[in-house]
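# Structural overview for review
So the chains spell out like this:
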Amino acid sequence: HDLDTFIAGLPKAELHLHIEGSLEPEQMFAFARRNGVAIPFASVEEVRAAYAFSNLQDFLDIYYAGADVLRTEEDFHDLALAYFERVAQDGVVHAEIFFDPQTHTHRGIPFGVVANGLLAGMEAAEARLGITSKLILCFLRHLDEEDAFKTLTQAQPWLDRIAGVGLDSSELGHPPAKFERVFAAAAAMGLKRVAHAGEEGPPEYVAEALDLLAIDRLDHGNRSLEDPALVARLARSSMTLTVCPLSNVKLCNVASVDAHPIDRMLQLGLRATVNSDDPAYFGGYVADNYRAIAQGRDLSRRDLVTLARNSFLGSFLSDDEVAAHL
Ligand code: ADE
Ligand code: ZN
């Protein structure tokens, strides 16, 4: 169909993708089998049936459990390459992907196994598919500052291949302030900074991420809309918001795609982008997210072009690289 062809044909960057969230149920079974790991599901259908969430924590519990099948460098390589193969058909030409090292190091998987596997998958994707990518190390905010510092230290040998740091996991009760010093240390190492804020948390968390973490990009940011002064600040500073429509609906932060504020964000002058977050868990990859809002909010083709352009403007590519994509 026409709209699908138009969306798939729009070159786009994906800026909010947790690589562990691209683990499809079929892959979960394949990795479990090859690693001799038991999983509490009998079939792919049973896994999919378990993906009914009422909030972020509900999802996170099952997402961290799923990640347990990831054990070897090969697993991380295969996971990353499968993601790029899938989004090649969505018109993705560049992706800046998150990974959660603590989810793995806390299970005894060395940082290097995770990083080397993912980086190898990213390299293979560029060679085979021509998709460029960058890696962003996310700190789990439900863990403490000391553990985040430990993770940043473990990352030292890979810092030339890591574009930036991020902040994810349970937002409520874990404000950005908790990681002010870790983000300052990351900034001093020349790393870019992003943070999930305003997904479930209040607008004050978004302001904290700006003021205390000096973020270069805002992940989600939906609840910024509750504070007009904050919206004006985000618009004035051309802050990129990595919005994830199907995620917002699946985690019950937005009632339905028909009620999604993506068009309001654009009208308010916000540099919004469209992303998939955890596509294997939320029912769609990036083109599915474009399609859902295009239909749900009756977006014009001009709006869709703006969203795709914003994905390059908000990327960590150089000015020349961005210009080459516009
Ligand atoms: N980890 C994976 N997906 C996430 C999300 N949407 N919010 C917070 N942490 C996450
Ligand atoms: Zn996310």
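Everything below is about the structure printed above this text.
Please read all numbers here as calculations on a predicted model, not as lab measurements.

It is worth spelling out the sheet that holds strand S3 (residues 132–140) at this point. Strand pairing in a sheet relies on backbone hydrogen bonds, with the paired strands running either antiparallel or parallel. If you walk across this open sheet you meet the 8 strands as S1-S2-S3-S4-S5-S6-S7-S8, and the pairing is parallel. A single partner strand is all that each edge strand has here, and the edge strands are strand S1 (12–18) and strand S8 (271–274). In this sheet, neighbouring strand axes are inclined to one another by 25 degrees on average, regardless of whether the strands run parallel or antiparallel. By the bridge criterion, 5 bridges tie S1 to strand S2 (residues 92–99) in an arrangement that is parallel.

With that out of the way, let us pick up the pairing of strand S5 (residues 192–197). Among the 6 residues in S5, 5 count as buried, and that is most of the element. Bridge count between strand S4 (residues 164–168) and S5: 2 bridges; the pairing is parallel. By the bridge assignment, Val165 is partnered in S5 with Arg193. Traced from S4 through helix H9 (residues 180–188) to S5, the parallel crossover comes out right-handed. At this point the chain moves from S5, through helix H10 (residues 203–211), to the parallel strand S6 (residues 217–220), and the crossover so formed is right-handed.

It is worth spelling out the coordination of the zinc ion (ligand 2) at this point. The protein atoms that coordinate the zinc ion (ligand 2) are His16 (NE2), His18 (NE2), His196 (NE2) and Asp277 (OD), at distances spanning 2.0 to 2.2 Å. Note that the zinc ion (ligand 2) binds 4 donor atoms; their angles at the metal cover 83 to 173 degrees, and the shape is irregular. Within one chain, the residues serving as donors to the zinc ion (ligand 2) are arranged as H-x1-H-x177-H-x80-D. In this pair, His16 is assigned in strand S1 and His196 in strand S5, connecting sequence segments 180 residues apart. The class of His196 is buried, set by a relative accessible area of 4%.

A few words on the site of ligand 1. All residues adjacent to ligand 1 are His18, Leu56, Phe59, Leu60, Tyr63, Asp168, Ser169, His196, Glu199, His220, Asp277 and Asp278. Between His18 and ligand 1, the recorded distance is 3.2 Å, taken from a side-chain N or O atom to a nitrogen atom. Here a nitrogen atom of ligand 1 and a backbone polar atom of Ser169 are 2.8 Å apart. For ligand 1, whose unbound accessible area comes to 260 Å², protein coverage reaches 100%. One can see that ligand 1 is located within the largest cavity.

Opposite charge on two side chains makes pairing possible when the charged atoms of those side chains draw close. Applying the stated criterion to the full structure yields 18 salt bridges. Arg223 is paired through a salt bridge with Glu226; the nearest N and O atoms lie 2.7 Å apart. Exposure remark for Glu226: the relative accessible area of 49% places this residue in the partly exposed category. Among the charged side chains, a salt-bridge network with shared partners connects Asp4, Arg86, Asp90, Asp288 and Arg291.

Among the residues of H9, those classed as buried are Val182, Phe183 and Ala186. Taken around the axis of H9, the buried residues stretch over an arc of 95 degrees, which confines them to a single face. Facing away from the buried side of H9 by more than 90 degrees, the exposed set consists of Arg181 and Ala188. Taken together, the buried residues of H9 touch S3, helix H8 (145–154), S4 and S5.

For the pair helix H5 (residues 73–88) and helix H7 (residues 111–129), interaxial distance at closest approach is 7 Å and the crossing angle is 35 degrees. Once H5 is placed against H7, the crossing between them reads as right-handed. Of H7, the residues touching H5 (which contributes Glu73, Phe76, His77, Ala80, Leu81, Phe84, Glu85 and Ala88) are Val113, Val114, Asn116, Gly117, Leu118, Ala120, Gly121, Met122, Ala124, Ala125, Arg128 and Leu129. Of the residues assigned to the contact of H5 with H7, the class counts are 13 nonpolar, 4 polar and 3 charged.

Rules of the game
- Starting from 1, residues in each chain are numbered consecutively following that chain's sequence as written.
- Chain labels run from A onward and ligand labels from 1 onward, assigned in the order the entries are written.
- Thresholds applied to this predicted model are a pLDDT of at least 70 for local features of residues and 80 or more for the giving and counting of side-chain atom pairs; totals over whole chains, interfaces and linings are not thresholded and use all residues.
- By convention in this description, side-chain values take in all heavy atoms of the structure and omit both hydrogens and water.
- At least two bridges found by DSSP between two strands is the condition for calling them paired.
- To qualify as a helix, a DSSP run of H or I must reach at least 4 residues; to qualify as a strand, a run of E must reach at least 2; elements of each kind are numbered from the N terminus.
- Lines fitted to C-alpha atoms define the axes, with helix axes restricted to the stretch in contact, and inter-axis angles between N-to-C directions lie between 0 and 180 degrees.
- Residue burial is assigned from relative accessible area. The probe radius is 1.4 Å, only protein chains are included, and a residue is buried under 20% of its type maximum, exposed over 50%, and partly exposed in between.
- Looking down the strands as they point away from the viewer, one classifies a crossover as right-handed if the path from the first strand across the helix to the second runs clockwise.
- Distances define the donors: N, O and S atoms within 2.8 Å of the metal qualify, as do those within 3.2 Å of Na, K or Ca. Water is excluded, so some sites may look unfinished.
- Key to geometry: four donors with every angle between 85 and 135 degrees are tetrahedral; four donors are square planar and six octahedral where opposite donors lie over 155 degrees apart and all remaining angles lie between 65 and 115; all other sites are irregular.
- In these notes, residues near a molecule or strand are those with any non-hydrogen atom within 4 Å of it.
- Counted as a polar contact is a pair of N or O atoms within 3.5 Å, where, for protein atoms, one must be capable of donating a hydrogen and the other of accepting one, and residues adjacent in sequence contribute only when both atoms are in side chains.
- Note on areas: Shrake-Rupley, 1.4 Å probe, and residue coverage restricted to the protein chains presented here.
- The pocket and cavity definitions rest on a 1 Å grid over protein atoms only: a 1.4 Å probe that fits but cannot leave marks a cavity, an open set with protein on both sides within 12 Å along at least five of seven lines marks a pocket, and residues lining either have an atom within 4 Å of a point.
- Think of it this way: a molecule belongs to a cavity or pocket when more than half its atoms come within 2 Å of the grid points there.
- Within this document, salt bridges are pairs made up of a side-chain nitrogen of Lys or Arg and a carboxyl oxygen of Asp or Glu, the two lying within 4 Å of each other.
- Within this analysis, the arc is defined by the directions that extend from the helix axis to the C-beta atoms.
- Contact definition: two residues touch when any of their heavy atoms are within 4.5 Å.
- Should the near helix be turned anticlockwise from the far one by less than a right angle, the crossing is left-handed, and should it be turned clockwise, the crossing is right-handed.
- For this scheme, ten residues count as nonpolar: Ala, Val, Leu, Ile, Met, Phe, Trp, Tyr, Cys and Pro. Four count as charged, namely Asp, Glu, Lys and Arg, and the remainder, Gly too, count as polar.

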